[in-house]
Amino acid sequence: MIAIGSDHLGYKLKEVLRGFIERELNIKCLDIGVDSEEPADYPDVAFEVTKKIKKGLCRQGILICGTGIGMAIAANKVPGIYAAVCHDPYSAERAKKSNNTNVMTIGALVIGVELAKKLVSIWLSSEFQGGNSARKVDKIIACEEQCLTKNR
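Parameters at a glance
Residues numbered from 1 in each chain as written. Predicted model: local features only at pLDDT ≥ 70, side-chain atom pairs only at ≥ 80, totals over all residues. Heavy atoms only, no water. Helix = DSSP H or I, 4+ residues; strand = E, 2+ residues; numbered from the N terminus. Buried < 20%, exposed > 50% of the residue type's maximum accessible area, 1.4 Å probe, protein only. Contact = heavy atoms within 4.5 Å. Areas by Shrake-Rupley, 256 points an atom, 1.4 Å probe, with all protein chains shown as cover. Lys, Arg positive; Asp, Glu negative; His and termini not counted. Charge placed at Lys NZ, Arg CZ, Asp CG, Glu CD. Pairing = 2+ DSSP bridges. Axes fitted to C-alpha atoms, helices over the stretch in contact; angles between N-to-C directions. Salt bridge = Lys/Arg side-chain N within 4 Å of Asp/Glu carboxyl O.

Participant: Hey, could you go over the overall build of the protein for me, with residue numbers and the actual values?
Facilitator: Helix and strand content of the protein: six helices and five strands. Its helices and strands in sequence order give the protein the pattern β-α-β-α-β-α-β-α-β-α-α, from N to C terminus. Reported as C-alpha extents along the three principal axes, the dimensions of the protein are approximately 40 × 30 × 25 Å. Within the protein, the proportion of its 152 residues that are buried is 44%. Considering only intrachain contacts with a sequence separation of at least 6, the fraction spanning at least 24 residues in the protein is 69%. Carbon and sulfur atoms make up 52% of the accessible area of the protein, which amounts to about 8000 Å² in all. Side-chain charges in the protein split into 21 positive and 18 negative, and the spacing between the mean points of these groups amounts to 8 Å.

Spelled out as C-alpha cells, the structure:
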C-alpha cells in the first residue's frame with residue numbers, strides 16, 4: 001500500500017495520481033489528504049504520511065505540494081524516511097535505484113499530469129540496485145543514527 005498526500009496546491013494532482021495508481025497500476029493507496037483546495041500546511045501532511053510508513057502501514061509514500069521541495073524537507077526530518085523531489089524520468093529512477101528512497105515528492109506547479117503519471121510509474125517500478133550505492137546509503141543511515149544517538 002502507498003500513502004499519498006498533498007497540500008492544497010497539490011490537491012488536484014493528488015486526486016488524479018491516486019486514481020491512476022489504483023486503477024492503472026493496481027496498487028492500493030491510503031489517502032492522507034487533503035480533501036480540498038482550502039489552504040493547508042504541507043508539513044502536517046508530510047508528517048502523517050511518514051508516520052504511516054514508520055508504523056509499517058504503508059511501504060512507500062508520495063507527497064505533492066507546489067514545488068515538491070517543502071514536502072521533501074519536511075519528510076526528510078523523520079528518521080528512516082528518505083524523500084526525493086522528482087521532476088524528470090531520470091531523477092525518479094535514480095531516486096529509487098541509487099538512493100533507495102521511500103518517499104517521492106512532486107511539484108504540482110512544476111510538472112503536468114502526464115509527466116507526473118510517468119514519474120510515479122518509473123519510481124514505483126524501480127528497485128534499489130545496491131552495489132556502490134549501498135555503501136553511500138549506508139553512510140547516510142550511519143550519520144542519521146549517530147545524530148539521533150547524540151541528541152538523546
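Participant: Before we move on, could you go through the environment of Val137 and cite the residues and values that matter?
Facilitator: Within the element layout of this structure, Val137 appears in helix α6 (residues 132-150). The contact partners of Val137, leaving out residues within four places of it in the chain, are Ser98, Asn99 and Phe128.

Participant: Now, about the sheet that holds strand β1 (residues 2-6): what can you tell me, with residues and values included?
Facilitator: The strand order across the open sheet built from five strands is β2-β1-β3-β5-β4, with neighbouring strands paired in parallel fashion. Among the strands making up the open sheet, the edge pair consists of β2 (29-33) and β4 (83-85). Here the average twist between neighbouring strands, direction ignored, is 20 degrees. Pairing of β4 with strand β5 (residues 103-107) involves three bridges; the strand directions are parallel.

Participant: Tell me about the pattern of salt bridges, and name the residues and values.
Facilitator: When charged atoms on two side chains of opposite charge get close, those side chains can pair. As enumerated under the stated definition, the model contains nine salt bridges in all. In this structure, the salt-bridge partner of Glu15 is Arg18, at a minimum N-O distance of 2.7 Å. Of this pair, Glu15 and Arg18 both sit in helix α1 (residues 11-23), three residues apart, which is roughly one turn of that helix. Classification of Glu15 by relative accessible area gives partly exposed; the value is 25%. Judged by relative accessible area, which is 23%, Arg18 ranks as partly exposed. Here Arg94 makes a salt bridge to Glu93, at a shortest N to O gap of 3.8 Å. Three or more residues are tied together by salt bridges with common partners; here these are Lys14, Glu15, Arg18 and Asp31.

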